[in-house]
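As a plain string of letters, each chain reads:
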Amino acid sequence: MLDKTFNPQEVESRIYTAWVKSGAFHMGRRPDAEPFCIVIPPPNVTGRLHIGHALNNTLQDAVTRFQRMRGKDVLWQPGMDHAGIATQLVVERQLAEKQQSRVGMGREKFLEAVWKWKDESGGAIGEQLRRLGASADWSRERFTMDEGLSRAVLKVFVELHRQGLIYKDKRLVNWDPRLQTAVSDLEVESIEMKGSLWHIKYAVEGTDEIIIVATTRPETMLGDTAIAVHPENEKYKHLIGKQARIPLADRLIPVIADEYADPEKGTGAVKITPGHDFNDFEVGKRHGLALINILNKDGTLNEVAPEKYRGLDRFVARKAMVADLEEMGLIDKIEPITHAVPHDEKTKTVVLEPYMTEQWYLNVKPLAERALKAVEDGRTKFVPENWTGVYYNWLRNIQPWCISRQLWWGHQIPAWYGMELVDGKLQLSRKIFVGLSEDEVRTEAEAYYGKSVAFFATQDEWGDASAKFTNTYVEPADKSVGNISNPIPLLRDEDVLDTWFSSALWPFSTLGWPDDTAEVKRFYPTNVLITGFDIIFFWVARMIMMGLHFMDEVPFKTVYIHNRVLDEKGVKMSKTKGNVIDPLELIDLYGADALRFTVCLAAGQSKDMRIGPSRVETNRNFATKLWNAARFCEMNGCETRPNFDPAEVTHTINKWIVAETAKAAAEVTENLEALRFNDAAGAAYRFVWDVYCDWYLEFIKPLLNGTDEGAKAEARMTAAWVRDTVLKLLHPFMPYITEELWARTVEHLAPRDSLLIETPWPDLSALPVSESATAEMQWVIALVQGVRSIRSEMNVPPSAKIALVLKEASTQTKERLDTHHHIIATLGRLSTAATADAFPQGSAQFVVGEAVAGLPLGDVIDFAKERARLEKELKKAEEETARFDAKLGNEQFVSRAPEDVLQEQRDKRAEAIAMAARLKEALTRLA
């Protein structure tokens, strides 16, 4: 017997264990079937399940379970990302608690500590995904720094370098002074902050004029190399060609003409600091300006600054310089502002932008051209299609990708530097050796130098060795490396690759590439990628570029992009607002199925999703409804019969539900195929709640309690067949409760042939559809709904039995009323239901088909009082609507109110309008 209630906490772990033991998650169980592959966007090894993960992985799992039930050989490839910056930060914080540091430990020991942390504490999110019900093939779980993926990364780097696409260059980069590493433009998060705009006076040499520039970063004036004004700026154009003196630095810079300076913005003059601003760098290139770096890697001011500011943190230096400028009378004014300040999205450090350093770059333009064409040709499609434009725009304006990071945790760049003679001393040369292994590099280097070589992992090791080698050096006439008695030292590049470099190879590296594996042949290209809009650039575009370049094929045929998850009021979640939803807490409270079904219902294409505890609770109630329906079937002997053929049912009610079930199955299937998750889940929800539970199970109660054994048996078998079909249709969304009911509803009979997870998906397209049965039962439903609406609108007491009169009824309608009289009377709480030529006085009326239905209510309610009540409620609803209209029509209110407040007002307005419409309809019913 089924328990009275469904207990997710007791069921979920047991069911998941059964799935794992069965091997249902494994690919390769159907070698002759059509393959289907989906790769997981690898979560960070440091990660904890958040609502975005819950959404993304629920959608992936729904697709995976759906395709598995359709008989395909499914591989959902799982894995985790090594998360370079995030992981290094976690381990460094732990070391700091023990009064240890990364630098103090040295690279080798630090990496040992990171691997130890990864093995002991990392990857908790994998277990959390299992709690969600993720049916990935965990036996194939990969890690971006495991041996196989590291080999793939190495091969890709070396090949791209040999093709001339990877190179070193000195360019401006975003720099994190805390970690002292370059940061990708895509990883810079602009955060609104309060600040100041300082208007600073620059004296024009040889005149008594001043030119005023405004800046939010006054410390960077020490790196100014020009002041730009628009060539047609009436205020300043006469100063073009003159020199201005930088305050505090006592250095002259030219006043130049450049259209970058907008005369309508700020003071009309712009300080040009090519070494610390991307736009200024472009101006500097146009005018041949010098590039001056004023900062050290840790964000302190370097030797370029006047002595009193040297070594100060840039923010400390800013305060000191502003104070000095004010004392000198060189501050024209200070303007308080709110502006976007770039931060490292991982560390939340204010980014030092930009900073001139030498980095490794990948010229992605040739790769981008192929990636563009692949989507233009339809080989990869974005769903929804509007994201295609975003993809095109980025690729058409793509810049070289800075792929090096000054970290220790990650794939170390496979490059070694040789030596050269400078001023009689041996030091690192510009000669770089890149290879798949030290043996390969040794062969190339020894051929180049004509001598043996030795490898060193760090600058310190190399420096010690280099000093020894220099002492044994004999300078030859040709100024080569000369006669060195020891092997020539080669220093390994200490940088690591951007985390996204290894992630870009994910669709084929996880399948075993660069080896020619059976999995690569069978599952590449993959079928669909499901991911968020925020990593189209980081990941999606780069996977397409790398897939085409190394596999000569797109990595996936479809890219499904989902939008953001907002709270229930439509507000973006943030810790500061206190509205962040913890999916694990929701699973604890309501079960994984309720959370999964909620995110599927919310996942409309091109729509932000609203999710919160109340919505999850609502879908927990839906799970309860399903459970109770199964209990009803069990208590009434509705058993699964292997020989039952739904096409052979004879009773009108059963013909109707068979047709409705086939319709629901087709709708769920069509929408899952099109990745319209909300429509698929919504179709299943409506069928289960509105059709099966609310109508069919009520319709068959007279049959189950009657004396016609044939009708009773057919109703029982049909109810069980529909229940089983429902479990199949809901399984991709609610796997735990459906699997439990699949097993438990036949435990007193022979066990099921298989777990539900491996049961074939229902294809009911061949079932006959009885249009007459459908029309007849829809008429019954419309009649009962009309009765219920009037009872509710007119405040008819629930216990009151009232009469129903049908006027102008056709012969068919009379027959329907006679056939289903008992059902109609029971569900409508009617004393009688009959046809007549006229309605009694005081009847509330509604139309059903060609007939008019009337409910004589004169003896039940006071019509005059009821009319007065309805009119009063209508007036109130209309006044509320007018009040909301006035509020939302107030431009000042709309411009200042937070989005959640605006949305709340819109929702209340919609409720008031709907209420008014219902009240007007109720008034028309009063005869």
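Residues numbered from 1 in each chain as written. Predicted model: local features only at pLDDT ≥ 70, side-chain atom pairs only at ≥ 80, totals over all residues. Heavy atoms only, no water.

**Q** I'm lost on the overall build of the protein in this one. Help?
**A** Helix and strand counts for the protein stand at 31 helices and 30 strands. Along the longest, intermediate and shortest principal axes, the C-alpha atoms of the protein span 120 × 70 × 55 Å. Approximately 40,900 Å² of the protein is accessible, and the part contributed by carbon and sulfur atoms is 49%. Averaging the coordinates of the 114 positive side-chain charges in the protein and doing the same for the 134 negative ones gives two points 2 Å apart. (Helix = DSSP H or I, 4+ residues; strand = E, 2+ residues; numbered from the N terminus. Areas by Shrake-Rupley, 256 points an atom, 1.4 Å probe, with all protein chains shown as cover. Lys, Arg positive; Asp, Glu negative; His and termini not counted. Charge placed at Lys NZ, Arg CZ, Asp CG, Glu CD.)

**Q** Would you mind going over the sheet that holds strand 29 (residues 843–848) with me for this structure?
**A** Sheet strands line up and pair through hydrogen bonds in the backbone, either parallel or antiparallel. Pairing is mixed across the open sheet formed by four strands, whose spatial order is 28-27-30-29. Of all the strands in the sheet, just strand 28 (830–835) and strand 29 have a single pairing partner and so form its edges. If you compare each strand with its neighbour and ignore which way they point, the axes differ by 20° on average. Looking at chain direction, strand 27 (residues 802–807) and strand 28 are connected through five bridges and run parallel. Across the sheet, Leu806 pairs through a bridge with Thr835, a residue of strand 28. (Pairing = 2+ DSSP bridges. Axes fitted to C-alpha atoms, helices over the stretch in contact; angles between N-to-C directions.)

**Q** Could you clarify how one ought to interpret unusual backbone geometry in this entry?
**A** With the exception of glycine, most residues fall at negative phi, and the peptide bonds are largely trans. The step from Val383 to Pro384 runs through a cis peptide bond, and the omega angle for that step is -5°. Summarising the element assignment, Pro384 is placed in the loop between strand 15 (381–383) and helix 11 (387–396). The phi angle at Gln99 is positive, at roughly 60°, despite the residue not being glycine. Turning to its location among the elements, Gln99 is positioned in the loop between helix 3 (84–97) and helix 4 (102–105). Among the residues examined, Gln99 registers a relative accessible area of 70% and is labelled exposed. With a phi close to 75°, Leu248 is a non-glycine residue in the positive phi region. Take Leu248: it is sitting in the loop between strand 10 (243–246) and strand 11 (251–257). (Buried < 20%, exposed > 50% of the residue type's maximum accessible area, 1.4 Å probe, protein only.)

**Q** I keep staring at the pattern of salt bridges and nothing clicks. Help me out?
**A** Opposite charge on two side chains allows them to pair when their charged atoms are near. Inspection of the entire model under this criterion finds 55 salt bridges. Where Glu120 meets Lys116, a salt bridge forms, and the shortest distance between an N and an O atom there is 3.0 Å. Taken as a pair, Glu120 and Lys116 lie in helix 5 (residues 107–120) at a separation of four residues, close to a single helical turn. The class of Glu120 is exposed, set by a relative accessible area of 56%. Linking Arg430 and Glu358 is a salt bridge whose minimum nitrogen-to-oxygen distance equals 2.7 Å. Taken together, the residues span a long stretch of sequence, with Arg430 in strand 19 (residues 425–434) and Glu358 in strand 14 (residues 352–362) at a distance of 72 residues. Assessed through its relative accessible area of 56%, Arg430 is described here as exposed. Connected via shared salt-bridge partners are Asp3, Glu10, Arg14, Glu740 and Arg744. (Salt bridge = Lys/Arg side-chain N within 4 Å of Asp/Glu carboxyl O.)

**Q** What is the right way to read empty space enclosed by the protein from this model?
**A** To locate leftover empty space, one rolls a probe as large as a water molecule over the atoms. Using the criterion set out here, one finds one cavity of 30 Å³ or more in the structure. In this model, the largest cavity occupies a volume close to 70 Å³. Forming the boundary of the largest cavity are Ala24, Phe25, His26, Arg29, Arg30, Arg68, Lys72, Asp73, Val74 and Glu758. Of the residues contributing to the lining of the largest cavity, the split by class is three nonpolar, one polar and six charged. (1 Å grid on protein atoms, 1.4 Å probe; cavity = no way out; pocket = protein on both sides within 12 Å on 5 of 7 lines; lining within 4 Å. Points joined across faces, edges and corners; volume = space filled by probe spheres on them. Nonpolar A, V, L, I, M, F, W, Y, C, P; charged D, E, K, R; others polar.)

**Q** What should I look at first to understand the side chain of Ser503 in this one?
**A** Position of Ser503 relative to the elements: it lies in helix 14 (residues 499–503). Every residue in contact with Ser503, bar those within four places of it in the chain, is listed here: Asp81, Trp539 and Met543. (Contact = heavy atoms within 4.5 Å.)

**Q** Help me understand helix 27 (residues 811–819), please; the structure alone is not making it clear to me.
**A** Residue pairs spaced three or four apart in an α-helix point in one direction, given the helix's 3.6 residues per turn. All of the buried residues along helix 27 are Thr813, Arg816 and Leu817. Looking down the long axis of helix 27, one finds its buried residues gathered within 100° of arc, a one-sided arrangement. Facing away from the buried side of helix 27, by more than 90 degrees, are the exposed residues Thr811, Asp818 and Thr819. Elements that come into contact with the buried residues of helix 27 comprise helix 26 (771–793), strand 27, helix 28 (821–828) and strand 28. (Arc of directions from axis to C-beta.)

**Q** Whenever I open this one, the environment of Leu160 confuses me. Can you help?
**A** In this structure, Leu160 sits in helix 7 (residues 147–162). As for Leu160 and Phe550, which are separated by 390 residues in sequence, their C-alpha atoms are 9.9 Å apart. Residues in contact with Leu160, not counting those within four places in the same chain, are Leu165, Ile166, Leu362, Phe501, Met546, His549 and Phe550.

**Q** Please clarify how the nonpolar core should be interpreted in this entry.
**A** Side chains that are nonpolar tend, in soluble globular proteins, to be buried together. In this structure, Phe501 and Met546 are the most contacted members of the largest nonpolar core, which totals 225 residues. Counting residues per element, this core draws most heavily on helix 22 (residues 677–699), which supplies 14 residues. Residues in contact with Phe501, not counting those within four places in the same chain, are Val153, Val156, Phe157, Leu160, Ile166, Leu362, Trp401, Ile403 and Met546. Of all hydrophobic cores here, the second largest spans 36 residues; its members include Val173, Tyr202, Ile212 and Ile227. (Core = buried A, V, L, I, M, F, W, Y, C linked by side-chain atoms within 4.5 Å.)

**Q** When you look at the environment of Leu395 in this model, what are you seeing that I'm missing?
**A** With respect to the element layout, Leu395 can be found in helix 11. Of the residues examined, Leu395 reaches a relative accessible area of 2% and is grouped as buried. Linking Leu395 and Leu372, residues 23 residues apart in sequence, is a C-alpha distance of 6.9 Å. When residues no more than four places from it in sequence are discounted, the contact partners of Leu395 are Ala368, Ala371, Leu372, Ala541 and Met545.

**Q** Honestly, the confidence of the model for the protein in this entry has me stumped. Any pointers?
**A** Note that predicted coordinates carrying low pLDDT should not be read in detail. The pLDDT averaged across the protein works out to 91; a share of 96% of its residues lies at or above 70. Taken as a whole, residues 473–479 scores under 50 in pLDDT and shows twelve contacts with residues more than four places along the chain or in a different chain. (pLDDT = per-residue confidence, 0-100.)

**Q** Would you explain the packing of helix 20 (residues 613–635) against helix 25 (residues 735–744) in this entry?
**A** Axis angle and axis distance: for two packed helices, these are the angle between their axes and the distance between the axes, and together they describe the pair. At their nearest, the axes of helix 20 and helix 25 sit 11 Å apart, and the two run at 5° to each other. For the element pair helix 20 / helix 25, the angle class is roughly parallel. The segment helix 20 lies against helix 25, with Ala623, Leu626, Trp627, Ala630 and Glu634 engaging Ile737, Thr738, Glu740, Leu741 and Arg744. When the residues that make up the contact of helix 20 with helix 25 are grouped by side-chain class, the tally is six nonpolar, one polar and three charged. (Parallel < 35°, antiparallel > 145°, perpendicular 65-115°, else oblique.)

**Q** Any chance you could explain helix 17 (residues 536–551) here in plain terms?
**A** Within helix 17, 14 of the 16 residues are buried, which leaves the element mostly enclosed by the surrounding structure. Backbone geometry just downstream of helix 17 places Asp552 in the positive-phi region, at approximately 60°.

**Q** Quick question: what am I supposed to make of the packing of aromatic side chains here?
**A** Aromatic ring pairs are described here by two measures, namely the spacing of the ring centres and the angle between the planes. Applying the stated rule across the entire model yields 36 aromatic pairs. Each ring, one from Trp175 and one from Tyr355, has its centre 5.1 Å from the other, and the planes form 35°; the classification is tilted. One end of the pair, Trp175, is in strand 5 (residues 166–176); the other, Tyr355, is in strand 14, with 180 residues separating them in the sequence. Relative accessible area serves as the criterion here: at 1%, Trp175 is assigned to the buried category. (Phe/Tyr/Trp six-rings, centres within 6.5 Å; stacked < 30°, edge-to-face > 60°.)

**Q** Is there a simple way to think about the packing of helix 24 (residues 709–730) against helix 25 in this case?
**A** In contact at an axis separation of 9 Å, helix 24 and helix 25 are set at 150° when each is read in the N-to-C sense. Accordingly, the angle class assigned to the pair helix 24 and helix 25 is roughly antiparallel. You can see that helix 24 and helix 25 cross each other, and the crossing is left-handed. In this structure, helix 24 contributes Asp724, Leu727, Lys728 and Leu730 to the contact, and helix 25 contributes Thr738, Leu741 and Trp742. A per-class count over the contact of helix 24 with helix 25 returns four nonpolar, one polar and two charged. (Left-handed = near helix turned anticlockwise from the far one by under 90°.)

**Q** What is the right way to read the environment of Ala853 from this model?
**A** Tracing the sequence through the fold places Ala853 in strand 30 (residues 851–856). On the basis of relative accessible area, Ala853 is assigned to the buried category, the value being 0%. It is 5.7 Å that separates the C-alpha atoms of Ala853 and Val805, two residues lying 48 residues apart in sequence. Discounting chain neighbours no more than four positions away, the residues touching Ala853 are Leu783, Leu804, Val805, Leu806, Phe839, Ala844, Gln845, Phe846 and Val848.

**Q** Just to check I follow, could you spell out the side chain of Glu739 for this structure?
**A** Relative to the elements of secondary structure, Glu739 occurs in helix 25. The charged side chain of Glu739 is buried without a salt bridge, its nearest counter-charge being Arg65 at 5.6 Å. Setting aside chain neighbours within four positions, we find Glu739 in contact with Ile15, Trp19, His731, Leu755, Leu756 and Ile757.

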